[in-house]
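# Geometric and topological summary
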Amino acid sequence: MVRYINKARSKFNKIFPHNLLQIILYLLSQFSAGREGLSGEETLKLGSYNALLKSSLPEEFKYYKAEEESFESSHDAFRSAFPRGFAWEVISVYSGPPEIAYKFRHWGFFEGPFKGHAPTGEMAQFYGLGILKVDDSLRVEEAEIYYDPAELFGGLLKGPPIAAPSSHACPFSH
């Protein structure tokens, strides 16, 4: 079961819909933290990070603005922050098909800059719960994901702001 969940999760890192093995793209819906569901195509267009981190918070409270990011820019930001990777693992599986409930952990070492914040070298992580609804062939039709993004961003925003280079510096000091 864990191997199947990991295979299903791999859909979030694919770019082309025809590469999505074991996924019924047009039936798949992704729901994150109780928000309205996204189709597989919408998730691919937004990018997995943007789909998962989209927020309805007022602008002044958003620490990550998914609507301002592209698929590429969101992946670049997280690859930069986690140069050794941002691992995903299943901790527990609570039920079997057709509705598979599981607990997961996403983690990595914050060793590169993230959105103007210096790295701390510390582990940044979050835990969440997921529910996969599968058909008789064990292909995912729907994925629900529940987590608290503040767990992740608490670690990423802990690094001090990176100072912008001063325009008044002496040109001969370099």
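These notes cover the structure that comes with them. (Residues numbered from 1 in each chain as written. Predicted model: local features only at pLDDT ≥ 70, side-chain atom pairs only at ≥ 80, totals over all residues. Heavy atoms only, no water.)

## Considerations on the side chain of Arg-105
Mapped onto the elements, Arg-105 comes out in strand β4 (residues 99-109). A distance of 2.6 Å separates the side chain of Arg-105 from the side chain of Glu-89, its partner in a polar contact. Within polar-contact distance, the side chain of Arg-105 engages the side chain of Gln-125 at 2.8 Å. Setting aside anything within four residues of it in sequence, one finds Arg-105 in contact with Ala-87, Trp-88, Glu-89, Ile-91, Met-123, Gln-125, Phe-126 and Tyr-127. (Helix = DSSP H or I, 4+ residues; strand = E, 2+ residues; numbered from the N terminus. Polar contact = N/O pair within 3.5 Å; in protein donor to acceptor, adjacent residues only side chain to side chain. Contact = heavy atoms within 4.5 Å.)

## A closer look at helix α5 (residues 149-156)
Looking only at α5, the buried set comprises Leu-152, Phe-153, Gly-155 and Leu-156. Axial view of α5: buried residues confined to an arc of 155°, hence all on one face. On its buried face, α5 is in contact with α3 (48-53), α4 (71-81) and β5 (123-134). Backbone nitrogen of Ala-150 and a side-chain oxygen of the N-cap are separated by 3.0 Å at the start of α5; the cap is Asp-148. (Buried < 20%, exposed > 50% of the residue type's maximum accessible area, 1.4 Å probe, protein only. Arc of directions from axis to C-beta.)

## Describing unusual backbone geometry
Pro-98 follows Pro-97 through a cis peptide bond whose omega is 10°. Along the chain, Pro-98 turns up in the loop between β3 (87-93) and β4. Notably, Lys-115 is not glycine yet its phi reads approximately 50°, a positive angle. Secondary-structure assignment places Lys-115 in the loop between β4 and β5.

## A few points about the pairing of strand β6 (residues 140-147)
The pairing of β5 with β6 spans seven bridges and is classified as antiparallel. Paired with Lys-133 across the strands is Glu-142, a residue of β6. Counting the residues that bridge the hairpin from β5 to β6 gives five residues, and of these Leu-138 lies at a positive phi of roughly 65°. (Pairing = 2+ DSSP bridges.)

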